[in-house]
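Below, each chain spelled out in residue letters.
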Amino acid sequence: MVSLPHRSVLHGAVSAPCLCCPKGKDQFDNLEKHTQWGIDVLEKYIKFVKERTEIELSYAKQLRNLSKKYQPKKNSKEEEEYRYTSTRAFLATLNEMNDYAGQHEVISENMTSLITGELTRYVQELKQERKSHFHDGRKAQQHIETCWKQLEASKRRFERDCKEADRAQQYFEKMDADINVTKADVEKARQQAQLRHQMAEDSKAEYSSTLQKFNSEQHEHYYTHIPNIFQKIQEMEERRIVRIGESMKTFAEVDRQVIPIIGKCLDEITKAAESVDHKNDSQMVIEAFKSGFEPPGDIEFEDFTQPMKRTVSESSLSNSRGDGKSEPKFGGKSKGKLWPFIKKNKSPKQQKEPLSHRFNEFMTSKPKIHCFRSLKRGGAGPEDFSNLPPEQRRKKLQQKVDELNRDIQKELDQRDALTKMKDVYIKNPQMGDAASVDHRLSELAQNIEKLRLEVQKFEGWLAEVEGRLPARNEQARRQSGMYEPQNPSAVNSCAQDRESPDGSYTEEQSQETEMKVPATDFDDEFDDEEPLPTIGTCKALYTFEGQNEGTISVAEGEMLYVIEEDKGDGWTRIRRNEDEEGYVPTSYVEVYLDKNAKGAMTYI
């Protein structure tokens, strides 16, 4: 009888290192679960980084929108405000915040490319590698199981043949001992026993060969194939762990790389804040809004006690009545100094008001000059900026002159370029027709001439402001002592748009200004000045409420005297009586000029 090997032979191998052990199938299941968990951790980290990049992009977008929201709008008043150091510092802060937002975009981009993108590709490769390793492991496991089944089949066949040989041997011995059995039957039984013994020997040889082969395969399986597969899985898992650690390090490095640039942005904001100069800003405000006017002079004392010293008698009463006519109008000379051209249009009630009361009104509400000459219609400001205080007017005129000079230079550059082109065409006719340039040169010459005339006009106004030229007309000459020398045209220019004769008549006023008190010699000359002669009469076509300084109220159908005709500004100066005179819109009256008067003209 051949003894059969016990099943424990299959588990007699020495344990392999690392993750390998004899019960490979069980370990494959554990390893498969663990490696899948590792991939899940990696994907979770990728998702975390992706959400971080989205937060960085959203934060950068919000910072950019915030910076854009508070940026000054082009061609707006806000743009002018940014000349102050404090507002420039704020603008620098906005610009730095824009750069600051850019660094957060860099963080998002770097994390996306260096972490999210790389790890996503690595996860795909890792899954493929894991699948390959476990496929090889399953294949090796199936192979060893097949070998085991072959060994089991060979063993069962050998066992069966041994039992058959044993039964045949027992039958032969029984037949050989029985005397009643013929010799032929005994021989047949002996041959059958020998055959079964031979078959048992063959099965034994096959089983032995199969067992040796299985032991060899099993040794190869547990000591070579499975350890190699487990080693590869172990290396794969270690690479995954190293990779996620490197990604976490990159996560920190991406932030650390932009810290110097963010620090520079913050340094620039600090530098801008330190550049704020309160003294400089205050000086700029002074330069921007100083008017150039001098404060009004002292108000002269009016002695109202003189009538009290007189004796009460008819003669004194009559004298006092006569003296009452010679009272200074508008509270004395000082009022005439401030508003010379409206000296006679106050009502008697206004003339009798105390001077101190009128002075308080003057100090609490700044006087306004009505422009009667060069203000353009349509709501625009006067071309010569006469509605501005002297200093502001000078600046505007200087800016206009500089702008016109730049335009002239541009035109001159174009003319020079075209002149050179024409010379080239003349020398090389094949390159172009020289006559084709003449029309453009003519246009440029006309433009240059127009611009030069404009420059001369504005330089004249600028010279008046700076006191280099005399006033432009007689009215400005008479008033030049009452106003600042830098603004002689302010009192003889105005803008008036008449909507309809039903009372909806509006007058545009210039900005508030202050007046300069004239010299004493000129005051005396002005007070002694003869009133303007009458040059005609007029009839009021409509009622006009003269509520502004320099105007006079008239009723429809009223007859008045004309003392100054319309100079093209839409206003006519009239006189009601000795004490009342002022301006009314020319369209509100029908004028009858005296033909013999100097400079008179007939019109209605």
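Residues numbered from 1 in each chain as written. Predicted model: local features only at pLDDT ≥ 70, side-chain atom pairs only at ≥ 80, totals over all residues. Heavy atoms only, no water.

Here's the deal with the nonpolar core
Where a protein is soluble and globular, its nonpolar side chains tend to be buried together. The cut-off we apply is this: Only buried Ala, Val, Leu, Ile, Met, Phe, Trp, Tyr and Cys residues count toward a nonpolar core, and they belong to the same one when joined by side-chain atoms within 4.5 Å. Throughout this description, buried means an accessible area under 20% of the type-specific maximum (1.4 Å probe, protein chains only), exposed means over 50%, and partly exposed covers the range between. Only DSSP runs of H or I with at least four residues qualify as helices, and only runs of E with at least two residues qualify as strands; both kinds are numbered from the N terminus onward.
Counting residues in hydrophobic clusters, the biggest one holds 30 residues, and the most contacted among them are Phe-28, Leu-42, Tyr-45, Met-111, Ile-115 and Ile-233. Contributing elements (two or more residues each) for this core: helix H1 (24–69), helix H3 (85–177) and helix H4 (183–274). Ranked by size, the runner-up nonpolar core spans 16 residues in total, among them Leu-560, Val-562, Tyr-583 and Val-589.

Overview of the pattern of salt bridges
Any two side chains of opposite charge can pair, given that their charged atoms come close. For the record, the criterion: Any carboxyl oxygen of Asp or Glu that lies within 4 Å of a side-chain nitrogen of Lys or Arg is treated as forming a salt bridge with it.
Taken as a whole, this structure holds 26 salt bridges when the rule is applied. With a shortest N-O distance of 2.5 Å, Arg-121 and Glu-118 are connected by a salt bridge. You can see Arg-121 and its partner Glu-118 sitting in helix H3, three residues apart, about one turn around the helix. Under the relative-accessibility criterion, Arg-121 is labelled partly exposed at 46%. Looking at Glu-118, the relative accessible area reads 32%, which means it is partly exposed.

What to know about helix H12 (residues 438–465)
To keep things clear, this is the line we draw: To estimate the expected span of a helix, subtract one from its residue number and multiply by 1.5 Å.
Taking 1.5 Å as the rise per residue, H12 with 28 residues should run 40 Å; its terminal C-alpha atoms sit 40 Å apart, in good agreement. Looking only at H12, the buried set comprises Leu-441, Leu-444, Ile-448, Leu-451, Val-455, Phe-458, Gly-460, Trp-461, Leu-462, Ala-463, Glu-464 and Val-465. With its phi angle positive at about 80°, Gly-467 sits one or two positions after the end of H12.

Overview of the side chain of Glu-590
The test is simple: All tallies of charge rest on Lys and Arg as positive and Asp and Glu as negative; His and the ends of each chain are not included. Distance and chemistry together define a polar contact, namely a pair of N or O atoms within 3.5 Å, with one atom able to donate a hydrogen and the other to accept it when in protein, and with adjacent residues in sequence counting only for side-chain atoms on both sides.
Structurally, the position occupied by Glu-590 is in strand S7 (residues 589–593). Buried within the structure, Glu-590 lacks any salt-bridge partner; its nearest side chain of opposite charge belongs to Lys-539, at an N-O separation of 5.8 Å. Among the polar contacts listed, one links the side chain of Glu-590 to the side chain of Tyr-592, at a separation of 3.1 Å.

Overview of the packing of aromatic side chains
Here is the rule: Aromatic pairing here means that ring centres of Phe, Tyr or Trp (its six-membered ring) are within 6.5 Å. Orientation follows from the plane angle: under 30 degrees is stacked, over 60 is edge-to-face, and everything else is tilted. By definition, being over a ring means that NZ of Lys or CZ of Arg is both within 6 Å of the ring centre and within 35 degrees of the ring normal.
Scanning the entire structure with this criterion turns up 11 aromatic pairs. Considering the side-chain rings of Phe-158 and Tyr-207, the 5.8 Å spacing of their centres and the 15° angle between planes classify their relative orientation as stacked. Of the two residues, Phe-158 is situated in helix H3 and Tyr-207 in helix H4; the sequence distance between them amounts to 49 residues. Of the two residues examined, Phe-158 and Tyr-207, each falls in the buried class. Taken together through their ring pairs, the aromatic side chains of Tyr-542, Phe-544, Trp-571 and Tyr-588 make up a single cluster. The positively charged end of Arg-243 is found above the aromatic ring belonging to Tyr-122, 4.7 Å away from the centroid.

Details of the side chain of Thr-572
Within the element layout of this structure, Thr-572 appears in strand S5 (residues 571–575). Of note is the side chain of Thr-572, whose polar atom sits 2.9 Å from the side chain of Thr-586.

A closer look at the pairing of S5
We apply this condition: By the convention used here, strands pair only if DSSP detects at least 2 bridges between them.
The element S5 is extensively covered by neighbouring structure, given that five of its five residues are classed as buried. The antiparallel hairpin formed by strand S4 (residues 559–564) and S5 contains six residues in its connecting segment, where Gly-568 sits at a positive phi of about 100°. By the bridge criterion, five bridges tie S5 to strand S6 (residues 581–585) in an arrangement that is antiparallel. Counted as the bridge partner of Thr-572 is Val-584 from S6. Counting the residues between successive antiparallel strands, the hairpin from S5 to S6 contains five residues.

Remarks on the sheet that holds S6
Quick note on the threshold: Note on geometry: axes are C-alpha line fits, over the in-contact stretch for helices, and angles between N-to-C directions span 0 to 180 degrees.
Spatially, the five strands line up as an open sheet ordered S6-S5-S4-S3-S7, and their pairing is antiparallel. Lying at the two open borders of the sheet, with one neighbouring strand each, are S6 and S7. Strand after strand, the sheet turns through a mean of 40° between neighbouring axes, direction not considered. Bridge analysis of strand S3 (residues 536–540) against S7 gives five bridges, and the strand direction is antiparallel. The partner of Lys-539 across the bridge, within S7, is Glu-590.

Quick look at the packing of helix H11 (residues 390–427) against H12
Operational definition: Note on terminology: angles under 35 degrees are roughly parallel, angles over 145 are roughly antiparallel, angles of 65 to 115 are roughly perpendicular, and the others are oblique. In this scheme, a crossing is called left-handed if the near helix is turned counterclockwise away from the far one by less than a right angle; it is called right-handed if the turn is clockwise. Gly is placed with the polar residues, together with every amino acid not listed as nonpolar (Ala, Val, Leu, Ile, Met, Phe, Trp, Tyr, Cys and Pro) or charged (Asp, Glu, Lys and Arg).
Taken N-terminus to C-terminus, the directions of H11 and H12 make an angle of 160°; their axes are 9 Å apart at the nearest point. With respect to their mutual orientation, H11 and H12 come out roughly antiparallel. Crossing hand, H11 versus H12: left-handed. For the contact of H11 with H12, the residue count by class is 16 nonpolar, five polar and 12 charged.

Examining a nonpolar patch on the surface
Our working rule: Residues qualify for a patch when their relative accessible area is over 30% and they have no salt bridge, like charges being joined within 9 Å and the nonpolar side chains of Val, Leu, Ile, Met, Phe, Trp and Tyr within 5 Å. All accessible areas in this document rest on Shrake-Rupley with a 1.4 Å probe, and a residue is counted as covered only by the protein chains that are shown.
Taken together, Leu-66, Tyr-70 and Phe-90 make up a surface patch of nonpolar side chains, about 280 Å² in accessible area. Its place among the elements puts Leu-66 in helix H1.

Observations regarding the environment of Tyr-207
Using a relative accessible area of 5% as the deciding quantity, one classes Tyr-207 as buried. When the C-alpha positions of Tyr-207 and Leu-151 are compared, they lie 7.0 Å apart, and in sequence the two are 56 residues distant.

Points about the confidence of the model for the protein
Do not read the fine detail of predicted coordinates wherever pLDDT is low. Short version of the rule: The score called pLDDT rates the predictor's confidence residue by residue, from a low of 0 to a high of 100. Two residues form a contact once any of their heavy atoms are found within 4.5 Å.
Averaged over the protein, the pLDDT score is 75; the fraction of residues at 70 or greater is 70%. Here residues 1–24 is a poorly scored stretch, pLDDT under 50, and it has 43 contacts once near neighbours within four places are set aside; other chains count. Note on residues 598–604: pLDDT under 50 across the span, and 14 contacts to partners over four residues away in sequence or across chains.

Quick notes on the packing of H3 against H4
Two numbers describe a pair of packed helices, the interaxial angle and the distance between the axes. Contact geometry of H3 with H4 gives a least axis separation of 7 Å together with a crossing angle of 170°. On the basis of the axis angle, H3 is roughly antiparallel to H4. Here the contact of H3 with H4 is built from residues that sort into 46 nonpolar, 19 polar and 23 charged.

Let's talk about the environment of Leu-114
Within the secondary structure, Leu-114 sits in helix H3. With 133 residues separating them in the primary sequence, Leu-114 and Ser-247 have C-alpha atoms 8.1 Å apart. Each residue touching Leu-114, except ones within four places of it in the same chain, is listed here: Thr-250 and Val-254.

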